[in-house]
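# Per-entry structural report
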Amino acid sequence: ICDLSFPDGVPSDSLEAAKNASNTEKLTDQVMQNPQVLAALQERLDNVSHTPSSYIETLPKAVKRRINALKQLQVKCAHIEAKFYEEVHDLERKYAALYQPLFDKRREFITGDVEPTDAESEWHSENEEEDKLAGDMKTKAVIAEKEAAAAEEPSPKGIPEFWFTIFRNVDMLSELVQEYDEPILKHLQDIKVKFSDPGQPMSFVLEFHFEPNDYFTNSVLTKTYKMKSEPDKADPFSFEGPEIVDCDGCTIDWKKGKNVTVKTIKKKQKHKGRGTVRTITKQVPNDSFFNFFSPLRASGDGESLDEDSEFTLASDFEIGHFFRERIVPRAVLYFTGEAIEDDDNVGGPGGPCGGELEGDEEAEDDDDAETNPKVSCLEFPHLCLLHC
């Protein structure tokens, strides 16, 4: 009989390891005999062997040469597309000048500087017929009572808290507003969009116009968004239209003790030598909408931003687009809430696709997805259907 026992001095765990190895081999054999497991493995192998890149590698050199020629044509197409978007930007500038007189009149109505005429204030609502029938059925006594109540009703100037109400109605903006921001935003009288001049690098400026207030001396706060519309030299096929690449804020001239972007904290400090304790005060950053005017800068020196900074920058870009493309052109509809209902019906604030091009799900795993967010549908929502 063959002696399979280990000689003296061999640790017992060696025997246990040998048993485990044997069990593993048996389990592997059982698994490999399972038809379902073999089918799944074969499917994986089939998928690997039929990837586009593996197929291209099998083609003759002459065919690969022609494919390279097609790629050169594709790069030229990307440059033509970039020129197309530059001309769209020129068109936006042209039509912005046509919109501006209407926006100026809007501001006059909001501030109360001008009262609209009867013709200007006439609007046919969906419930107009029902209101008319209900009015005809009222008795003279009820009419007289309403007239008396109307005489006592206060008549505020313009449309009070117009822009502040929009901030409250739109989730994207209300999330930025703190309670101590609210009294300041009630002084906001207008928001304007200014496009870069012809021949200048593509950009736009958001102007926030405030009436005189107790918080800062600025009459206008600005935020400038810088864009580019050109294929990346290293990756020209990634071009999908203009993208914001950086933004600049402005200095807010806060009045003494009114800066809501910082808060004062008190801290006790013990002297190492004497052992005495003193209380010191210091200012630390504070959450506020007005931090919007002190944005992070996109890294331009090759240094990468951390994940939180990339997210903050991408969110800032999205908010800038939202002001430009939705809030400013359709302010009254965001004031009444009608535009918010429309946004919900079409999939979000950016357009039918919710502001992102189809296929952006794949970009979520891309390291550059947050650093250089592609928001073409937010940039040109009137072209959203063309892309999506």
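Residues numbered from 1 in each chain as written. Predicted model: local features only at pLDDT ≥ 70, side-chain atom pairs only at ≥ 80, totals over all residues. Heavy atoms only, no water.

Put simply, the rule reads: UniProt positions are given in the numbering used here, feature names are shortened, and annotations may be inferred rather than shown by experiment.
Going by what an unreviewed UniProt entry lists, the protein is known as Nucleosome assembly protein 1 like 4 and is assigned to Capra hircus. Per its UniProt entry, the protein bears the Sequence similarities (unreviewed entry) comment "Belongs to the nucleosome assembly protein (NAP) family." Listed in UniProt under the heading Subcellular location (unreviewed entry), the comment for the protein reads: "Nucleus".

## A few points about the environment of His187
To keep things clear, this is the line we draw: Runs of E in the DSSP output that reach at least two residues are strands. Runs of H or I that reach at least four are helices, and both are numbered from the N terminus. Note on exposure labels: buried denotes an accessible area under 20% of the residue type's maximum, exposed denotes more than 50%, and partly exposed covers the range between, all computed with a 1.4 Å probe on protein chains only. Contacts are assigned to residue pairs with any non-hydrogen atoms lying within 4.5 Å of each other.
Among the structural elements, His187 can be located in the loop between helix H10 (182-185) and strand E1 (188-195). With relative accessibility at 21%, the residue His187 sits in the partly exposed group. For the pair formed by His187 and Glu161, sequence separation is 26 residues and the distance between their alpha carbons is 7.6 Å. Those residues within four positions of His187 in sequence are excluded, and the remaining contacts are His209, Phe210, Glu211, Pro212, Asn213 and Tyr215.

## Description of the sheet that holds E1
For the record, the criterion: At least two DSSP bridges between two strands are required for those strands to pair. All axes here are fitted lines through C-alpha atoms, helices being fitted over the stretch that makes contact, and every angle between N-to-C directions spans 0 to 180 degrees.
Pairing in this open sheet of four strands is antiparallel, and the strands run E1-E2-E3-E4 from one edge to the other. The outermost strands of the open sheet, each flanked by one partner alone, are E1 and strand E4 (243-248). Along the sheet, successive strands turn relative to each other by an average axial angle of 20°, direction set aside. Docked against the sheet, helix H4 (residues 61-111) engages E1, strand E2 (203-210) and strand E3 (220-228), running at close to 170° with respect to E1. Those strands touched by helix H8 (residues 162-169) are E1 and E2, and its axis lies near 75° from that of E1.

## What to know about H4
Keep this limit in mind: For a helix, the expected span equals 1.5 Å multiplied by the residue count minus one. What the bend at a residue measures is the angle between two axes, fitted to the seven residues ending there and to the seven starting there.
Helix length check: H4, at 51 residues, gives a terminal C-alpha distance of 71 Å against a target of 75 Å (1.5 Å per residue), a fit within 8%. Roughly 35° is the biggest bend found in H4, and it falls at Tyr99, with proline Pro101 one to four residues downstream. Just downstream of H4, Gly112 is the residue with a positive phi angle, here 85°.

## Remarks on the packing of aromatic side chains
Definition in use: Pairs were defined over the aromatic rings of Phe, Tyr and Trp, the Trp ring being its six-membered one, requiring ring centres within 6.5 Å. Orientation was assigned from the angle between planes: stacked under 30 degrees, edge-to-face over 60, tilted for the rest. Lysine and arginine charges are scored as sitting over a ring when NZ or CZ, respectively, is within 6 Å of the ring centre and within 35 degrees of the ring normal.
According to the stated counting rule, one finds 24 aromatic pairs in the structure shown. Judged by centre distance (6.0 Å) and plane angle (50°), the rings of Phe167 and Phe323 are tilted. With Phe167 in helix H8 and Phe323 in helix H11 (residues 307-327), this pair connects stretches of sequence that are 156 residues apart. Residue Phe167 shares its accessibility class with Phe323, and that shared class is buried. Pairwise contacts between aromatic rings join Phe167, Phe208, Phe210, Phe216, Trp254, Phe289, Phe290, Phe292, Phe293 and Phe323 into one cluster. Positioned above the aromatic ring of Tyr215, the side-chain terminus of Lys258 is 5.5 Å from the ring centre. Arg324 extends its terminal NZ or CZ atom over the ring of Phe204, reaching a point 4.8 Å from the ring centre.

## Side note on the pairing of E3
Across the two faces of E3 the burial differs, with Leu221, Lys223, Tyr225 and Met227 buried and Val220, Thr222, Thr224, Lys226 and Lys228 not buried at all. Here E2 runs beside E3; their pairing, made up of seven bridges, is antiparallel. Looking across to E3, one finds that Ser203 is bridged to Lys226. Relative to E4, E3 runs antiparallel, the two sharing five bridges. Looking at E4, one finds that Tyr225 is bridged to Cys247.

## Observations concerning a nonpolar patch on the surface
Heads up, the condition is: For patch detection, residues must exceed 30% relative accessible area and be free of salt bridges, and they are connected within 9 Å for like charges or within 5 Å for nonpolar side chains (Val, Leu, Ile, Met, Phe, Trp, Tyr). All accessibility values rest on the Shrake-Rupley procedure with a 1.4 Å probe; residue burial counts only the protein chains present in the view. By convention in these notes, a salt bridge is any Lys or Arg side-chain nitrogen within 4 Å of a carboxyl oxygen on Asp or Glu.
Nonpolar side chains collect at one region of the surface, where Leu91, Tyr95, Leu98 and Tyr99 lie side by side and expose about 420 Å² of accessible area between them. Within the fold, Leu91 resides in helix H4. Here Leu91 falls in the partly exposed class, since its relative accessible area comes to 46%.

## So, the pairing of strand E5 (residues 262-270)
Look at any regular strand and the pattern is simple: side chains alternate between the two faces of the sheet. Inspection of the sheet shows E5 paired to strand E6 (residues 277-285) by nine bridges, in the antiparallel sense. By the bridge assignment for E6, Lys266 is matched with Thr281. Here E5 folds back onto E6, and the loop between the two strands holds six residues, one of which, Gly275, carries a positive phi near 80°.

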